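Residues per chain are reported as follows:
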Amino acid sequence: QVQLAESGGGLVQPGGSLRLSCAATVSILSINSMGWYRQAPGKQREMVGFINSGGTANYADSVKGRFTISRDNAKNMVYLQMTSLKPEDRAVYYCNAIILGDVYWGQGTQVTISS
């Protein structure tokens, strides 16, 4: 059974930084792509970014230059480093993985931006 678990969410002031982690129960070497999505209050889920097995990452325009996705294959972990956080970044952030065409999701971690 494939499971993903996010952690690291919390409250941060505008302009601050936060790092989210996603732990997988399977080797991420077997996962073609891992990504981060978010869902803000009253809005639909949107893609934040994703990273392939070679370490190449892609980002949504709204976070490009501020967020960084990385992965640690030895630890079966993927990370989302968020900097210069804005109020519009407030959302529940979800880890995502695709394996043999099947999509898996974590339960999400809340990120709140407040002064």
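Thresholds, definitions, all that
Residues numbered from 1 in each chain as written. Predicted model: local features only at pLDDT ≥ 70, side-chain atom pairs only at ≥ 80, totals over all residues. Heavy atoms only, no water. Pairing = 2+ DSSP bridges. Helix = DSSP H or I, 4+ residues; strand = E, 2+ residues; numbered from the N terminus. Disulfide = S-S within 2.5 Å.

Let's talk about the pairing of strand β5 (residues 46-52)
Item 1. Direction of pairing for strand β4 (residues 33-39) relative to β5: antiparallel, over a ladder of 6 bridges. Looking at β5, one finds that W36 is bridged to G49.
Item 2. Linking β4 to β5, which pair antiparallel, is a turn of 6 residues; within it G42 sits at a positive phi near 75 degrees.
Item 3. Both β5 and strand β6 (residues 57-59) contribute to a ladder of 3 bridges, which runs antiparallel. Within the sheet, the bridge partner assigned to G49 lies in β6 and is Y59.

Overview of the state of the cysteines
Item 1. Applying the stated criterion across every chain, the model contains 1 disulfide.
Item 2. The disulfide that involves C22 links it to C95, with 2.0 Å between the sulfurs. An S-S torsion of about -85 degrees defines the bridge between C22 and C95 as left-handed. Taken together, the residues C22 in strand β3 (residues 18-24) and C95 in strand β9 (residues 91-99) connect sequence positions 73 residues apart.

Keep in mind these numbers describe shape, not what the thing actually does.
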